[in-house]
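Given next are the chains, with one letter for each unit.
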Amino acid sequence: MIERLIELSIHNRWLVLAVALLLALGGLYAVYHTPVDAIPDLSENQVIVFTEWPGHSPPEIEGQVTYPLALHLQGLAGVRVVRSSSEFNFSMISVIFEDGVDPAAARDRTAQRLAQVRDALPPGATPALAPDAAATGQIFWYTVEGAGYDLAQLRAVQDWYVRPQLSSVPGVAEVASVGGHVGEYAVEVDPRRLQALGVKLADVIQAVTRSNAAVGGDVIHKANAEYIVHGVGWLGQSSQEEAGATSIPSRQPRPVPLSQTQSKQVLHDLENVLVPRLSGGVVRLSEVATVGLAPAPRRGVLEKDGNEVTGGVVLMRQGENALEVTRRLKDKIRELQTGLPPGVRIVPFYDRVPLIRGAIGTVTGTLLEAILTATVCVLLVLLHFRTSFVIVLTLPLSALSSFLIMWLLRWLGVADIQTNIMSLAGIAISIGVLVDSSIVMAENVMHCLQERFGDQPVTGDVRELVLSACRTVGRPIFFSVVIMLLSFVPVFALGGIEGKMFRPLAFTKCFALMSVAVLAVTLVPALCTLFIRGRLRGETASWLVRGAVGAYRPMLAFALDHPVAIVWFVGVTFLVGFAPLGQRWIFLTTLAIALLGSLYAAQRTLSRLAATLSLTVLALAAQEFITPLGHEAITPLDEGMIMDMPITVPWASVAQAADDLKARDMIFCRFPEVDMVVGKAGRAETATDPAPLDMIETMVNFRPQELWPRRKLHPADAEQLARLVQEAL
């Protein structure tokens, strides 16, 4: 079969070249339309059920909301475990499914079960599914700023203008508000006035509730025309009528309006609300209560460079392209800026695009360097530019083919393979392996043609000679790649976080290997008939090959005559290589195997004694002087910022948490390397953020390193500064 495929490729070489061109174009299309992120998504296949029950303590929520919901959700098909937590005002349940369950099907099953258990929950507790966003879905943070506006007014702009507009951007799962004040009209009832005037608190609540309403009165007919009858009783309606307003406001709670006139009118209308007395008659609300503007209770604070601000976080829908979604967000923000109140602007302070482009650019640069290095090496060995071109051409084609396969699998719904630094690293580390198949095929063709033509230039139709040369090595090349593919089976068997981390790498490397195996028996033979022309040099014509052969043959002869030398060398290599792992049992096992192998290979007592002593001394030296390497769960990335996540006392109030946050951030701002500091205490208003008030998250953005002051910080000085910071806090 392999020989037949080679024959068809040589006899239909122009068709093969056309298919290769289409493959390259398809690969380029896949590169630009495949979702790309910097880091792999290591989160579990979970659905979050979020239930708000304002004003209730964690024990109440646990007993009446969390526990009943968790019991009902445990019976869902495909559920591995159900985790729950109860906090003040809300309950959060994470339903973790098996990895093989489709996320959309998991959400449907959970929603169906929630519809069955809603009646069993107390009034006011309504469970809902969290947005369809991954754990790494927070791709964009911003603040809403404006001189002359207070936090309540800026929060109103965020909640009623910015957030709905950004939520409509394709690929956005949710836009959550964080920080600022939600303005509300507060009615502070005086119990002594109620008692003196004979007014019930329930009547006050009912009167305030009914004060902001509209009543429909059907229609009337007059002079062959129909008129709609309705009574308007909205708070602040008189100021709107005076201003010529024609729209009827919503009955939903409204933010504090930016118009001070309308705000004062609403307060005036509330003060004039009539409340019935027990003894008959009515009193005004202002006689039993104080009406004013006040911030609503909040569970989150946002701070920037020592000043409290309001803003939002954008969560990307699962499976979307972060680069494309961020571009749409920025376009939408540019459109919104013109419609904002005078002086108000949207200021981004976190954007994942630089991280993605930096990480992908680094790996892509490494990939190009590897291709260039392989090209130079092949050219130095073969001393034939056109043959080197045939070999190197398979490298970008195999990389593009792997992207095309990933795009097709995603488009067909077979598998959703992420494109990140791990998947690109799979291609980068396999460059040396990918080029081997083409080297063997092209070099064997060169060798056969050089034997046939000698020092004369290669001319004429050489398809039969190329076919014979390719048939000789075609089958071994193909099956050697198959063996390498089988070696990745254990990687695909990994589960949990390890599987999500390394499967993208294994997938891309396997796709590249499969592509290069097909290219080696199709495209390379076809190109060899066209490009391997002219005068060909022999194997020893290159000085590099002659030097390598001259150094290798004496070493090989010595190793064959003294096998203990090669066993000793291999043992030392493994000992030095395993020492940085820090695993003592692996190191001792390697030492034992090296000692036994050296004793077996040595033919004289002196050689055995020398090998034993030298291996022991080298093992002790390696154990003493080689420091074990550190361990990172994920690949460390430098995105030009750091996140500081301390915790404060659990009983801290919102005001205390805000003061602590400002004090910490002002300390960070004193460093000349720091460009901007944004901190958050508590949670954003999203089901994906259950952080309590005692949890602080501070993002410290750095200036470009070329703008940093030239200074050197010794470890002792760093420890002293850290102690001073702790004392200041």
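Residues numbered from 1 in each chain as written. Predicted model: local features only at pLDDT ≥ 70, side-chain atom pairs only at ≥ 80, totals over all residues. Heavy atoms only, no water.

**Q** Report on the overall build of the chain, specifying residues and quantitative values.
**A** Along the chain, the regular secondary structure elements total 25 helices and 18 strands. Over its C-alpha atoms, taken along the principal directions, the chain stretches across nearly 120 × 75 × 55 Å. Within the chain, buried positions represent 42% of all 729 residues. Nonlocal contacts in the chain, meaning residues at least 24 apart in sequence, comprise 75% of its contacts between residues at least 6 apart. Split by element, the accessible area of the chain, about 39200 Å² in all, is 61% carbon and sulfur. If the 59 positive side-chain charges of the chain are averaged to one point and the 67 negative ones to another, these points end up 5 Å apart. (Helix = DSSP H or I, 4+ residues; strand = E, 2+ residues; numbered from the N terminus. Buried < 20%, exposed > 50% of the residue type's maximum accessible area, 1.4 Å probe, protein only. Contact = heavy atoms within 4.5 Å. Areas by Shrake-Rupley, 256 points an atom, 1.4 Å probe, with all protein chains shown as cover. Lys, Arg positive; Asp, Glu negative; His and termini not counted. Charge placed at Lys NZ, Arg CZ, Asp CG, Glu CD.)

**Q** Explain the confidence of the model for the chain residue by residue, including any values.
**A** Per-residue pLDDT for the chain averages 84, and the proportion of residues at 70 or more is 95%. Contacts of residues 243-258 to residues separated by more than four positions or lying in other chains number 34 contacts, the stretch itself having pLDDT below 50. (pLDDT = per-residue confidence, 0-100.)

**Q** Can you break down the packing of aromatic side chains residue by residue, with the values?
**A** For any pair of aromatic rings, the description consists of the separation of the ring centres together with the inter-plane angle of the planes. Going through the model one piece at a time under the given rule, you end up with 11 aromatic pairs. Between Trp 141 and Phe 349, the ring centres sit 5.9 Å apart and the planes meet at 50°, which makes this aromatic pair tilted. Taken together, the residues span a long stretch of sequence, with Trp 141 in strand β5 (residues 133-146) and Phe 349 in strand β15 (residues 344-351) at a distance of 208 residues. Across this residue pair, the class does not change: Trp 141 and Phe 349 are buried. Members of the aromatic cluster, joined through ring pairs, are Tyr 29, Trp 407 and Trp 411. (Phe/Tyr/Trp six-rings, centres within 6.5 Å; stacked < 30°, edge-to-face > 60°.)

**Q** Can you explain unusual backbone geometry? Please cite residues and give values.
**A** Although it is not a glycine, Asn 89 adopts a positive phi angle of roughly 85°. For Asn 89, the position within the fold is in the loop between β2 (79-87) and β3 (90-97). Look at Asn 89 and you get buried, because its relative accessible area is 19%. Even without a glycine there, the phi angle at Asn 224 is positive, about 60°. Here Asn 224 shows up in the loop between β8 (213-222) and β9 (225-233).

**Q** Break down a nonpolar patch on the surface for me, citing the residues and quoting the values.
**A** Where nonpolar side chains cluster on the molecular surface, the patch consists of Leu 372, Val 376, Leu 380, Val 381, Trp 543 and Leu 544 and spans about 550 Å² of accessible area. For the nonpolar patch, the elements supplying multiple residues, two or more each, are α12 (353-382) and α20 (543-561). A total of 4 residues in the nonpolar patch trace back to one element, the largest contributor, which is α12. Residue position: Val 376 is located in helix α12. (Patch = residues over 30% accessible without salt bridge, like charges linked within 9 Å, V, L, I, M, F, W, Y side chains within 5 Å. Salt bridge = Lys/Arg side-chain N within 4 Å of Asp/Glu carboxyl O.)

**Q** How would you explain the nonpolar core if you had to name every residue and give the values?
**A** Ranked by internal contacts, the top residues of the largest apolar core, which has 96 residues, are Tyr 142 and Leu 329. At 12 residues, the largest contribution of residues to this core is made by helix α18 (residues 496-521). For Tyr 142, the contacting residues outside a window of four places in its chain are Gln 158, Val 162, Leu 166, Val 175, Gly 311, Gly 312, Val 313, Val 314, Ile 346, Val 347, Pro 348 and Phe 349. (Core = buried A, V, L, I, M, F, W, Y, C linked by side-chain atoms within 4.5 Å.)

**Q** Summarise the packing of helix α22 (residues 584-601) against helix α23 (residues 605-625); cite the residues concerned and give the values.
**A** Two measures define how a pair of helices packs: the angle their axes make with one another and the distance between the axes. Two numbers describe how α22 lies on α23: the axes approach to 9 Å, and their chain directions differ by 165°. For the element pair α22 / α23, the angle class is roughly antiparallel. For the pair α22 and α23, the sense of crossing is right-handed. Mapping the contact onto sequence places Arg 584, Phe 587, Leu 591, Ala 594, Leu 595, Ser 598 and Leu 599 in α22 and Arg 608, Ala 611, Thr 612, Leu 615, Thr 616, Ala 619, Ala 622 and Gln 623 in α23. Here the residues of the contact of α22 with α23 sort into 9 nonpolar, 4 polar and 2 charged. (Axes fitted to C-alpha atoms, helices over the stretch in contact; angles between N-to-C directions. Parallel < 35°, antiparallel > 145°, perpendicular 65-115°, else oblique. Left-handed = near helix turned anticlockwise from the far one by under 90°. Nonpolar A, V, L, I, M, F, W, Y, C, P; charged D, E, K, R; others polar.)

**Q** Describe the side chain of Asp 689, naming the residues involved and giving the relevant values.
**A** Inspection of the secondary structure puts Asp 689 in the loop between β17 (674-682) and β18 (696-702). For Asp 689, a relative accessible area of 9% translates into the label buried. Polar contacts involving the side chain of Asp 689 include one to the side chain of Lys 680, which spans 3.0 Å. Setting aside chain neighbours within four positions, we find Asp 689 in contact with Lys 680, Gly 682, Arg 683 and Ala 684. (Polar contact = N/O pair within 3.5 Å; in protein donor to acceptor, adjacent residues only side chain to side chain.)

**Q** Could you give an account of the environment of Glu 271, naming the residues involved and the relevant values?
**A** Structurally, the position occupied by Glu 271 is in helix α9 (residues 260-271). The class for Glu 271 is partly exposed, based on a relative accessible area of 29%. The contacts of Glu 271, once residues within four sequence positions are left out, are Arg 284, Leu 285, Ser 286 and Val 291.

**Q** Which residues make up the environment of Ser 84, and what values go with them?
**A** The topology assignment puts Ser 84 in strand β2. For Ser 84, a relative accessible area of 39% gives the class partly exposed. When sequence neighbours within four positions are dropped, the list of residues in contact with Ser 84 reads Thr 66, Met 92 and Ile 93.

**Q** Which residues make up helix α19 (residues 523-531), and what values do they have?
**A** When you tally the buried positions in α19, you get 7 out of 9 residues, the bulk of the element. Listing the buried residues of α19 in full gives Leu 523, Val 524, Pro 525, Ala 526, Leu 527, Cys 528 and Thr 529. Taken together, the buried residues of α19 touch α1 (2-11), α2 (13-33), α13 (385-412), α15 (431-453), α16 (463-486) and α18.

**Q** How would you explain the sheet that holds strand β1 (residues 46-52) if you had to name every residue and give the values?
**A** Spatial ordering of the open sheet is given by β2-β3-β1-β4, a layout of 4 strands whose pairing is antiparallel. The open sheet terminates on both sides in strands that have one partner only, identified here as β2 and β4 (126-129). Pairs of neighbouring strands in the sheet enclose a mean axial angle of 20°, with direction left out of account. In the packing of helix α3 (residues 58-73) onto the sheet, contacts are made with β1, β2, β3 and β4, and the angle to β2 comes to roughly 165°. (Pairing = 2+ DSSP bridges.)

**Q** Just give me the short version of the side chain of Arg 155, but keep the residues and values in it.
**A** Inspection of the secondary structure assignment puts Arg 155 in helix α5 (residues 151-167). Judged by its relative accessible area of 3%, Arg 155 is buried.

**Q** Before we move on, can you summarise the environment of Gly 319 with the specific residues and values?
**A** Considering the arrangement of structural elements, one finds Gly 319 in the loop between β14 (307-317) and α11 (322-337). For Gly 319, a relative accessible area of 29% puts it in the partly exposed group. Along the primary structure Gly 319 and Pro 35 are separated by 284 residues, whereas in three dimensions their C-alpha atoms are 7.3 Å apart. Apart from the residues lying within four places of it in its own chain, the contact partners of Gly 319 are Pro 35 and Arg 410.

**Q** Would you mind going over the state of the cysteines in detail, with residue names and values included?
**A** On inspection of all chains with the given rule, the structure shows 0 disulfides. Its sulfur unpaired, Cys 470 is 5.4 Å from the next cysteine sulfur, which belongs to Cys 528. (Disulfide = S-S within 2.5 Å.)

**Q** Run through helix α21 (residues 563-578), naming residues and quoting values.
**A** In this model, α21 (16 residues) spans 23 Å end to end at C-alpha, consistent with the 22 Å of a helix rising 1.5 Å per residue. When we look at burial in α21, the residues that qualify are Val 564, Gly 571, Val 572 and Leu 575. Viewed end-on, α21 has its buried residues packed into an arc of 100°, placing them on one side of the element. Where the residues of α21 are buried, they touch α22 and α23. (Expected span 1.5 Å × (residues − 1). Arc of directions from axis to C-beta.)

**Q** Run through the packing of α21 against α23, naming residues and quoting values.
**A** Contact pair α21 / α23: the axes reach a minimum separation of 10 Å and the direction vectors enclose 10°. As summarised for this structure, α21 and α23 are arranged roughly parallel, according to the angle between their axes. By crossing handedness, the relation of α21 to α23 is classed as right-handed. Of α23, the residues touching α21 (which contributes Val 564, Trp 568, Val 572 and Leu 575) are Ala 611, Ser 614, Leu 615, Leu 618 and Ala 619. Residues that form the contact of α21 with α23 fall into these classes: 8 nonpolar, 1 polar and no charged.

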